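Structural overview
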Amino acid sequence: MFGLGTKNLGIDLGTANTLVYIDGKGIVLREPSVVAKNTKTGDVVAVGTEARDMIGRTPGSIVAIRPMKDGVIADYDTTAAMMKYFMEKALGRSNGKPYVMVCVPSGVTEVEKRAVIDATRVAGARDAYVIEEPFAAAIGAGLPVMDPTGSMVVDIGGGTTDVATISLGGIVSSRSIRMAGDKIDEAVIYYIRQNFNLLVGERTAEDVKVQVGSASVEKAAKGDNITVRGRDLISGLPKTVEVSAVDIAKAIQEVVAEIIVAIKETLEETSPEIAADVIDHGIVLTGGGALLKHLPEVIADETKVPVFIAQDPLDCVAIGTGESLKNIDVMKKR
Ligand code: ADP
Ligand code: MG
């Protein structure tokens, strides 16, 4: 079916991270979805990890862009350039253009889906197909997606949280909300600005979240403080403050609450049979946001359903997208 030497790729084009999976090899690339560009010439200066290290540190003529926002393409040309770079890096010098499977959040519009397919072609794919992210996440998490039993997956990424119940190879009910890791980082930035008159960057806020962030205010480590550096809003000078884990937990509470609402609404929409299956098997969390401390306990408390974190939560979507390459012949006929 495919030319000799042509490899097929699965790409998890995430708001925060892009992962590339090669058929028969597994995940070969994991890099931040960031591109650094020269604003005068429009040239791409760096992509991925190298570009991420430039966020908030670029001189006037260079900007570090995250071309995906809220799970969809915000900057088309930059996304295509980024994908081209990652595809070439993953494939090395191989002949033949690959067929590529890319994931998109559930609930994206046809126009948004089209943009992903077109950008993937511009980036060098022979042809491109999309798979819904929660479905890919469920496959990657090892859930029995093809069985006549309901599974529930919650994928918490940078831009979106995708919640879905799945049975018999299809999504039964789903929600995609633009509330995930980035919104938590924004809440941290806002909290520190309001309470300490301190301006901190995205990277710093994300560090604070990863180190002391907690989905539960009660369970946040009491007496646990973190040193945060930024720029004083009044003096304009660099300043260091101590922020407590409990306060950070309070600051991000609202975002966590919205994620729980989306989970509850999705559960309420399912049939009693699927709800019963979910109670039996539990809810599985994927995506980097699944690693927020105490999140499984908080969701379990609120929903009265057991909650588990998938093995390698950051890899699930890429693995599922890659595994679904096996079905690319079926997809082609659609
Ligand atoms: P996307 O699919 O949108 O690219 P990912 O699934 O790669 O997103 O997850 C990235 C998000 O997960 C980021 O917002 C990142 O800050 C967050 N994240 C990663 N590790 C942790 C952690 N240990 N605790 C909380 N959030 C985390
Ligand atoms: Mg993702």
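Starting afresh in each chain, residues are numbered from 1 along the sequence in its written order. Going through the entries in the order they are written, you letter the chains from A and number the ligands from 1. Two thresholds apply to this predicted model, a pLDDT of at least 70 for residue-level local features and 80 or more for giving and counting side-chain atom pairs, whereas whole-chain, interface and lining totals are computed over all residues. As a rule here, side-chain values cover all heavy atoms of the structure and leave hydrogens and water aside.

Looking up the protein in an unreviewed UniProt entry gives the name Cell shape-determining protein MreB, with the organism given as Loigolactobacillus backii. UniProt positions are given in the numbering used here, feature names are shortened, and annotations may be inferred rather than shown by experiment. The protein has a UniProt comment under Subcellular location (unreviewed entry) that states "Cytoplasm". UniProt, in its Sequence similarities (unreviewed entry) section for the protein, records the words "Belongs to the FtsA/MreB family."

1. Some remarks on the site of ligand 1
As a structural note, the neighbourhood of ligand 1 is formed by 17 residues, with Ala 16, Asn 17, Gly 158, Glu 206 and Lys 209 the closest of them. At 2.6 Å, a side-chain N or O of Glu 206 approaches an oxygen atom of ligand 1. At 2.6 Å, a side-chain N or O of Lys 209 approaches an oxygen atom of ligand 1. In this description, accessible areas are obtained by the Shrake-Rupley approach with a 1.4 Å probe, and a residue is regarded as covered only by the protein chains that are shown. When isolated, ligand 1 has an accessible area of 580 Å², and the protein chains bury 89% of it. Counting residues per element, the shell around ligand 1 draws most heavily on helix 6 (residues 202-212), at 3 residues. Each residue gets one of three labels, nonpolar for Ala, Val, Leu, Ile, Met, Phe, Trp, Tyr, Cys and Pro, charged for Asp, Glu, Lys and Arg, and polar for the others, Gly among them. Residues that form the shell around ligand 1 fall into these classes: 5 nonpolar, 10 polar and 2 charged. Each of domain 1 (9-135 + 316-332) and domain 2 (143-309) accounts for three or more of the residues forming the shell around ligand 1. Throughout this document, a residue counts as near a molecule or strand when at least one of its heavy atoms sits within 4 Å of that molecule or strand. In protein, a polar contact requires one atom able to donate a hydrogen and another able to accept it; more generally it is a pair of N or O atoms within 3.5 Å, and residues adjacent in sequence count only if both atoms are side-chain atoms. Only DSSP runs of H or I with at least four residues qualify as helices, and only runs of E with at least two residues qualify as strands; both kinds are numbered from the N terminus onward. For the domain bounds, the source is a domain assignment made automatically or taken from a database.

2. Things to note about empty space enclosed by the protein
Cavities and pockets are found on a 1 Å grid laid over the protein atoms alone: a cavity is a set of points where a 1.4 Å probe fits but cannot escape, a pocket is an open set with protein on both sides within 12 Å along at least five of seven lines, and a lining residue has an atom within 4 Å of such a point. Grid points are joined across faces, edges and corners, and a volume is the space filled by probe spheres set on the points. Enumeration according to the criterion identifies 1 cavity of 30 Å³ or more in this entry. What the largest cavity holds in volume is close to 30 Å³. If you go around the largest cavity, the residues you meet are Leu 13, Met 68, Gly 71, Cys 103, Val 104, Pro 105, Val 116 and Glu 133. Residues of the lining of the largest cavity, tallied by class, amount to 6 nonpolar, 1 polar and 1 charged.

3. Quick look at the pairing of strand 10 (residues 127-132)
Bridging between strand 9 (residues 99-104) and strand 10 involves 6 bridges; their strand directions are parallel. The partner of Tyr 99 across the bridge, within strand 10, is Asp 127. A crossover gets the label right-handed when its path from the first strand over the helix to the second runs clockwise, viewed with the strands pointing away from the viewer. For the handedness criterion, the β-α-β arrangement of strand 9, helix 3 (residues 110-122) and strand 10 is classed as right-handed. For two strands to be treated as a pair, DSSP must find no fewer than two bridges joining them.

4. Observations regarding a nonpolar patch on the surface
On the surface, Leu 291, Ile 309 and Leu 314 cluster together to form a nonpolar patch covering roughly 260 Å² of accessible area. Along the chain, Leu 314 falls in the loop between strand 18 (307-309) and helix 10 (316-323). Relative accessibility thresholds used throughout: buried, under 20% of the residue-type maximum; exposed, over 50%; partly exposed, between the two (1.4 Å probe, protein chains only). For Leu 314, a relative accessible area of 43% puts it in the partly exposed group. Within this analysis, patches are made of residues with over 30% relative accessible area and no salt bridge. Like charges are joined at 9 Å or less; nonpolar side chains (Val, Leu, Ile, Met, Phe, Trp, Tyr) at 5 Å or less. We define a salt bridge as a side-chain nitrogen of Lys or Arg found within 4 Å of a carboxyl oxygen belonging to Asp or Glu.

5. Topic: the packing of helix 4 (residues 133-140) against helix 10
Two packed helices can be described by the angle between their axes and the distance between those axes. Between N-to-C directions, angles span 0 to 180 degrees; the directions come from axes that are lines fitted to C-alpha atoms, helices contributing only their stretch in contact. Their axes nearest at 6 Å, the elements helix 4 and helix 10 cross at an angle of 95°. By the angle between their directions, the pair helix 4 and helix 10 is classed as roughly perpendicular. Contacts between helix 4 and helix 10 involve Glu 133, Ala 136, Ala 137, Ile 139 and Gly 140 from the first element and Cys 316, Val 317, Ile 319, Gly 320, Thr 321 and Glu 323 from the second. Each residue belonging to the contact of helix 4 with helix 10 can be placed in one class, and the counts come to 6 nonpolar, 3 polar and 2 charged. Each angle gets one of four labels, with under 35 degrees taken as roughly parallel, over 145 as roughly antiparallel, 65 to 115 as roughly perpendicular, and the rest as oblique. In this description, contact between two residues means that some pair of their heavy atoms is separated by no more than 4.5 Å.

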